[in-house]
Amino acid sequence: MKVLLTGGAGYIGSHCAVALIAAEHQVVCFDNLSNSRPQAIERVESITGTRIPLVVGDVRDREAVHRALTDHAIEAVVHFAGLKAVGESAEKPMLYYDNNVRGTLALVEAMAECGVRRLVFSSSATVYGQPQYLPLDEAHPTSATNPYGRTKLMIEEMLGDIAAADPGWRIGVLRYFNPVGAHDSALIGEDPNGVPNNLMPFISRVAAGRLPELSVFGDDYDTADGTGVRDYVHIVDLAEGHVAALAALTTIDRPLSIWNLGTGQGYSVLDMIRSFERVNAVSIPYRIAPRRAGDVATCYASPAKARDELGWQASRGLDAMCASAWRFERMLATRNSG
Ligand code: NAD
Ligand code: UFG
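Residues numbered from 1 in each chain as written. Chains lettered and ligands numbered in written order. Predicted model: local features only at pLDDT ≥ 70, side-chain atom pairs only at ≥ 80, totals over all residues. Heavy atoms only, no water.

Caption draft 1: Empty space enclosed by the protein, seen in detail. Taken as a whole and assessed by the stated rule, the structure comprises one cavity of 30 Å³ or more. In this structure, the largest cavity spans a volume of roughly 90 Å³. Along the walls of the largest cavity sit Tyr 11, Val 180, Gly 181, Ala 182, Gly 189, Glu 190, Met 200, Pro 201, Ser 204, Ala 325, Phe 328 and Glu 329, which together make up its complete lining. Of all the elements in the fold, those that place two or more residues in the lining of the largest cavity are α7 (199-207) and α11 (318-337). In terms of residue class, the lining of the largest cavity is made up of seven nonpolar, three polar and two charged. (1 Å grid on protein atoms, 1.4 Å probe; cavity = no way out; pocket = protein on both sides within 12 Å on 5 of 7 lines; lining within 4 Å. Points joined across faces, edges and corners; volume = space filled by probe spheres on them. Helix = DSSP H or I, 4+ residues; strand = E, 2+ residues; numbered from the N terminus. Nonpolar A, V, L, I, M, F, W, Y, C, P; charged D, E, K, R; others polar.)

Caption draft 2: The arrangement of unusual backbone geometry in detail. Following Leu 134, the chain continues into Pro 135 via a peptide bond in cis, with omega recorded as -5°. Along the polypeptide, Pro 135 turns up in the loop between β5 (118-124) and α6 (147-165). Backbone geometry places Leu 33, a non-glycine residue, at a positive phi of 60°. Secondary-structure assignment places Leu 33 in the loop between β2 (26-31) and α2 (39-48). Of note in the backbone geometry, Ala 73 takes a positive phi value of approximately 50° without being a glycine. With respect to the secondary-structure elements, Ala 73 resides in the loop between α3 (62-71) and β4 (76-79).

Caption draft 3: Focus on the site of ligand 2. Around ligand 2 lies a shell of 21 residues, among which Ser 124, Asn 198, Ser 215, Arg 230 and Asp 295 are the nearest. One nitrogen or oxygen atom from the main chain of Ser 215 is found 2.7 Å from a nitrogen atom belonging to ligand 2. When ligand 2 sits alone it has 680 Å² of accessible area, and the protein chains cover 88% of it. Secondary structure elements with two or more residues in the shell around ligand 2: α7 and β8 (214-217). For the shell around ligand 2, the leading source of residues is β8, giving four residues. (Near = heavy atom within 4 Å. Polar contact = N/O pair within 3.5 Å; in protein donor to acceptor, adjacent residues only side chain to side chain. Areas by Shrake-Rupley, 256 points an atom, 1.4 Å probe, with all protein chains shown as cover.)

These figures come from the coordinates and say nothing about function on their own.
Take a look at the structure:
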């Protein structure tokens, strides 16, 4: 299939490009490069040995999306493009609604104009809000605790309305848990601008000596060791989940489907620190800090629906996540010193 990846130069998009090409899809990336660099696409080209057209454009620009869809005879879209920093979303809510909600609206308008009605959307486990039971399955009630989460929820609801109005759509909503790690080549990975918000890139930078120590946000949660528990999923597994979702959209006779992409296994912050230290033979200095506002104690997926309907299951464990994240961090150090 010819697939347009909005946000294709980003962390998840670049890994998905590799997985889609391995599954013999043709990939075109569409990205405004607001949080990525074109070099990411070049690296995907060198991993896959395939040329990947990059359209530099904004999803809010409906005409530009329309042109990309028709110029490249696109048959399906995987929509990663979005802003994702929870703290920033509280400071700049208009930016988040504009970029994420209006961006998605412009995208689906352009798709409808072009008769492209196959869409995979990057949602998030954040839409489950405060867990009422665990593991979180797709029927768990949804809510939002910050503007970023609310954009994901609003987009999910908008896509639901679109699918109800026109059952010709095939929309797959993927609710990611916590994607971490990097491709085996270490050519692509997660390299956030500024100080990382997320745990794994923060740990990598502490290990590399780029940051002095990790703050563990709270050790008094109702969890085994008191620190927050999350469902970390290897980025390459997550990418393969998109290939499976895209395939399912051609076989499942339902206009909209929602699937969790997680492992079903929760690890605490201290588990993550210890695994990273052991696997990579490094030391991660840390101190216990106050809880971070808005964090939940425990969050992990029921991966059963994705397993049953997509035939997808994560296969890479925590050691592989930690090892690949560190390989990528060391590669960045070489790149920056070279
Ligand atoms: P990322 O920032 O690395 O990638 C997003 C890409 O989209 C970037 O390349 C950016 O330049 C591009 N982009 C942003 N706004 C755009 C616009 N208006 N037009 C065109 N391009 C635009 O982030 P990521 O981690 O790869 O996340 C991809 C998607 O997955 C996002 O929608 C994010 O909300 C969602 N998600 C991510 C996580 C996570 O932990 N990484 C968890 C759940 C959901
Ligand atoms: N944590 C620390 N110190 C840090 C960073 C994080 O102790 O410096 C802790 C957090 O308190 C939490 C755990 O590590 O217990 C994971 O935190 P992350 O920020 O890595 O991930 P979150 O689960 O908070 O959120 C992530 C994405 C959201 C997404 C959510 C669910 O950032 O966008 O997963 O998919 F919505």
